[in-house]
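Now for the letters of each chain:
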Amino acid sequence: MFNTFKKVVVGLVAAVSLLTANGIAYAQDFSKTAVVYFSTRHNTPNFNPSKPGAVELIANEIGAQTGVPVLELKSADLYGETYDDTAAIARKQLENHDLPPLKEPVDIAQYDTIILGFPIWFGSFPRVVATWLGSQDFTGKKVYVFVTYGSSGWAQSFDDVLT
């Protein structure tokens, strides 16, 4: 539990530091900014509504601190009931370069700045995030990314987002 809390705090500090370092926090009109995130919490059959994941906690904290909307990406197809089931599905999607469908569209056309959060799965972002990225026009938009991870680190995730 403490390690999870520590990772959430480190992730939150990193996200807020990134925003501050880039002149966003406390110095910008946030009216055209949104947080978009993906978390497994609402994407598994047996999610626990009283236990949000690290990405969701960070996304909501950024939203609370800045007053911007927080938009969740949800997969049309649920991941597994156990961690191992979810990991197997995620690995297969990554290996096959799948683009799993979204449950509902999350449109960012009205925003100029996007703060994107997701967990690192097998060194990259979840493939449902790839589906969403491919459905949006980022021309003229600033995108800031925050991630959480258990063991793989950032790996190639930031390079993957850029491609």
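So, here's what we can say about the structure. A quick note: this is a predicted structure, and the numbers were derived from the prediction, not measured.

Below, the discussion takes up the environment of Thr86. Along the polypeptide, Thr86 turns up in helix H3 (residues 83–96). In the structure, Thr86 is positioned 46 residues away from Thr40 in sequence and 8.8 Å away in space, judged by C-alpha atoms.

It is worth spelling out the sheet that holds strand S4 (residues 142–148) at this point. Strand order in this open sheet of 4 strands is S2-S1-S3-S4, and the pairing throughout is parallel. Strand pairing shows two members of the sheet lacking a second neighbour, strand S2 (70–73) and S4, which therefore form its edges. In this sheet, adjacent strand axes meet at a mean angle of 20 degrees when their direction is disregarded. Where strand S1 (residues 33–38) and S2 come together, 4 bridges link them in parallel fashion. By the bridge assignment, Val36 is partnered in S2 with Leu71. Helix H4 (residues 127–134) rests against S1, S2 and strand S3 (113–119) of the sheet, and its axis sits at about 160 degrees to S3.

Now for the packing of aromatic side chains. Aromatic ring pairs are reported here in terms of the distance separating the ring centres and the angle at which the planes meet. Tallied over the full model, the rule gives 5 aromatic pairs. Ring geometry for Phe118 against Phe125: centres 5.8 Å apart, planes inclined by 70 degrees, an arrangement best described as edge-to-face. Among the residues examined, Phe125 registers a relative accessible area of 5% and is labelled buried. Ring centres 5.7 Å apart and planes at 80 degrees place the aromatic pair Trp132 and Phe138 in the edge-to-face group. A relative accessible area of 24% means that Phe138 is categorised as partly exposed. A connected cluster of aromatic rings, assembled from ring pairs, spans Phe38, Tyr79 and Trp121.

On to the environment of Ala76, then. Mapped onto the secondary structure, Ala76 falls in the loop between S2 and H3. A relative accessible area of 40% means that Ala76 is categorised as partly exposed. Considering only alpha carbons, one finds Ala76 and Leu102, 26 residues apart in sequence, at a separation of 4.8 Å. When residues no more than four places from it in sequence are discounted, the contact partners of Ala76 are Pro101, Leu102 and Lys103.

In this section: the side chain of Ser39. On the secondary structure map, Ser39 appears in the loop between S1 and helix H2 (54–66). The exposure class assigned to Ser39 is buried, which follows from its relative accessible area of 5%. Apart from the residues within four sequence positions on either side, Ser39 is in contact with Gly53, Glu56 and Glu72.

For a regular strand, side chains alternate in direction, first toward one face of the sheet and then toward the other. Extensive coverage of S3 is indicated by the burial of 7 of its 7 residues. Alternating positions in S3 separate into two faces, Thr113, Ile115, Gly117 and Pro119 on one and Ile114, Leu116 and Phe118 on the other, with burial throughout. Where S1 and S3 come together, 5 bridges link them in parallel fashion. Opposite Tyr37, over in S3, you have Gly117 as the bridge partner.

About the thresholds
Residues numbered from 1 in each chain as written. Predicted model: local features only at pLDDT ≥ 70, side-chain atom pairs only at ≥ 80, totals over all residues. Heavy atoms only, no water. Helix = DSSP H or I, 4+ residues; strand = E, 2+ residues; numbered from the N terminus. Pairing = 2+ DSSP bridges. Axes fitted to C-alpha atoms, helices over the stretch in contact; angles between N-to-C directions. Contact = heavy atoms within 4.5 Å. Phe/Tyr/Trp six-rings, centres within 6.5 Å; stacked < 30°, edge-to-face > 60°. Buried < 20%, exposed > 50% of the residue type's maximum accessible area, 1.4 Å probe, protein only.

Functional significance is not addressed by these values, which are geometric in nature.
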